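An overview of the molecular structure
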Amino acid sequence: MEKKIMLTGDRPTGRLHIGHYFGSLQNRVKMQNEVDECYILVADVQALTDNFNNPEKVRKNVREVVMDYLSVGIDPEKATIYIQSMIPEVAELTVFYSNLVTIARLERNPTVKTEIAQKKELFGESVTYGFLGYPVSQAADITAFDATIVPVGEDQSPLIEQCREIVRKFNSIYGDVLREPEVYLSETKRIKGLDGNEKMGKSLGNAIYLSDSEEEINKKVMSAVTDPSRIKKDDKGNPDICMVAYYHNLFSTKEECEKVCAECKAGTRGCVACKKQLAKNISDFLEPMREKRAYYEAHPEIVDEIIIKGTEKAREKAKEVMAKVKKAMKLDYFEK
Ligand code: TRP
Ligand code: SF4
């Protein structure tokens, strides 16, 4: 039987939010119990592709992201958590793979395309070589561990497809060495922002972070976009265009949701009370995570230990795969 190897990760550019939770973290927590090996990388090199001018931000967020992982229930006994830049084999593989992908293909990658459009301020008229090529580096992340399953948010699918193409190209030239990974998407896929934006994102300022306090959640929920035509309390509302109703569907019981909808439509429900109830449900949902996070915040040495051990273990695995790659590429000089 082929081993099931899961690999995934995030750019350390900020704390993780509930969009990450429903989009992929939840899946990863479940999957860590179902695979033979599990690797989770903190993609600091990739974070630098669009934050090269802000290394302090990337550095600071490495531990934040790891604490988020631990607080949602990623178990360091099951999952190997490591820092991307500390695995030099990944950088080497990136160079080898860069011959197997064209510039036109990278420019057509939908994820890269969208991101470039959003980063005009940073890149101006011409994007960097590093940013355009980050899908190649991501293919190295995945294949350096022989990964077969990649649980990520929907926006990452084109990157996994690009990785599969690189794998096929590599194997067709150098022999059957690399494995094609499968993407694993969550059912929720993507959750909208508090402002009604299609996407929740740190750069969009419309996110609830897993580590937000009760007060922060209250404040954010109070500012959420509701049905604008409801002015007086007894105006009839339309929950379908209200972000509060949308989030009730994620965080409240089925009975509560039905009540919210019915009362909103009948004009018997006040928006403030509706928001208060939602804020409480979100806060209750996040409470166990906040508690776990507080423990790790108080014990940074334990977090460091987890990262150091994970990175050592990850390095061993990447070295094994690198030996196979070099042999296939006839770069195994002086090896016996
Ligand atoms: N691209 C991912 C993000 O934007 C992070 C990432 C880097 C990743 N390497 C990966 C995800 C490998 C899955 C597999 O957050
Ligand atoms: Fe939204 Fe609730 Fe107000 Fe209806 S009552 S518009 S669901 S906040």
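Keep in mind that this is a model prediction, so the values were computed, not measured.

Quick look at the pattern of salt bridges now. According to the stated counting rule, one finds 32 salt bridges in the structure shown. Taking the shortest distance from any N to any O, the salt bridge between arginine 28 and aspartate 10 comes out at 2.7 Å. One end of the pair, arginine 28, is in helix H1 (residues 18-31); the other, aspartate 10, is in strand S1 (residues 5-10), and 18 residues separate them in sequence. Neither arginine 28 nor aspartate 10 differs from the other in exposure class; each is buried. In this structure, lysine 309 engages glutamate 305 in a salt bridge whose closest nitrogen and oxygen atoms are separated by 3.4 Å. A residue pair is termed a helical-turn pair when its members lie 3 or 4 positions apart in one helix, as lysine 309 and glutamate 305 do in helix H15 (residues 300-328) at 4 residues. Among the charged side chains, a salt-bridge network with shared partners connects Glu161, Arg164, Arg168, Glu180 and Glu182.

Judged by which residues are buried, strand S3 (residues 80-83) turns out to be covered on both faces: Thr80 and Tyr82 on one side and Ile81 and Ile83 on the other are all buried. By the bridge criterion, 4 bridges tie strand S2 (residues 37-42) to S3 in an arrangement that is parallel. Residue isoleucine 40 lies in a different strand from S3, and its bridge partner there is isoleucine 81.

Core analysis: the largest hydrophobic core is formed by 50 residues, its most contacted members being Ile18, Leu210 and Tyr247. Those elements that provide at least two residues to this core are H1, S2, helix H3 (55-72), S3, helix H11 (214-222), helix H12 (243-251), helix H14 (271-298) and H15. Lining this core are residues from two domains, each supplying at least three of them: domain 1 (5-192 + 300-328) and domain 2 (214-293). Other than its neighbours up to four places away in sequence, tyrosine 247 contacts Ile18, Ile191, Lys192, Gly193, Leu194, Met200 and Leu278.

The subject of this paragraph is the layout of surface pockets. Considered as a void within the structure, the largest pocket measures approximately 1400 Å³ in volume. Considered class by class, the residues forming the lining of the largest pocket number 12 nonpolar, 21 polar and 14 charged. Counted as a void, the second largest pocket has a volume near 450 Å³. Around the second largest pocket, the lining is made up of 23 residues, and of these Thr94, Tyr129, Gly130, Gly133 and Val136 lie nearest the centre. Sorting the residues of the lining of the second largest pocket by element identifies helix H2 (44-49), helix H4 (88-97), helix H5 (103-108), helix H8 (129-132) and helix H9 (134-143) as the ones contributing at least two each. Looking at the lining of the second largest pocket element by element, the count peaks at 5 residues for H4. Residues that form the lining of the second largest pocket fall into these classes: 13 nonpolar, 10 polar and no charged.

Considered domain by domain, the protein is made up of domain 1 (5-192 + 300-328) and domain 2 (214-293). Taken together, the two surfaces of domain 1 and domain 2 that pack against each other cover about 1100 Å², and 66% of this comes from carbon and sulfur. Looking only at domain 1, the three residues that lose the most surface to domain 2 are Ile18, Ser71 and Lys192, adding up to 45% of its buried area. Our enumeration of links across domain 1 and domain 2 arrives at 2 salt bridges. One salt bridge connects aspartate 68 with arginine 293, and the closest N-O pair in it is separated by 3.0 Å. The tally of links from domain 1 across to domain 2 stands at 4 residue pairs in polar contact (both at pLDDT 80 or more). Of all the elements in the fold, those that place two or more residues in the side of domain 1 that touches domain 2 are H1 and H3. Ranked by residue count, the leading element in the side of domain 1 that touches domain 2 is H3, at 6 residues. Here the side of domain 1 that touches domain 2 is composed, by residue class, of 7 nonpolar, 3 polar and 5 charged.

Conventions and cut-offs
- Residues numbered from 1 in each chain as written.
- Chains lettered and ligands numbered in written order.
- Predicted model: local features only at pLDDT ≥ 70, side-chain atom pairs only at ≥ 80, totals over all residues.
- Heavy atoms only, no water.
- Salt bridge = Lys/Arg side-chain N within 4 Å of Asp/Glu carboxyl O.
- Helix = DSSP H or I, 4+ residues; strand = E, 2+ residues; numbered from the N terminus.
- Buried < 20%, exposed > 50% of the residue type's maximum accessible area, 1.4 Å probe, protein only.
- Pairing = 2+ DSSP bridges.
- Core = buried A, V, L, I, M, F, W, Y, C linked by side-chain atoms within 4.5 Å.
- Domains from an automatic or database assignment.
- Contact = heavy atoms within 4.5 Å.
- 1 Å grid on protein atoms, 1.4 Å probe; cavity = no way out; pocket = protein on both sides within 12 Å on 5 of 7 lines; lining within 4 Å.
- Points joined across faces, edges and corners; volume = space filled by probe spheres on them.
- Nonpolar A, V, L, I, M, F, W, Y, C, P; charged D, E, K, R; others polar.
- Buried area = accessible area lost by both parts, 1.4 Å probe.
- Polar contact = N/O pair within 3.5 Å; in protein donor to acceptor, adjacent residues only side chain to side chain.

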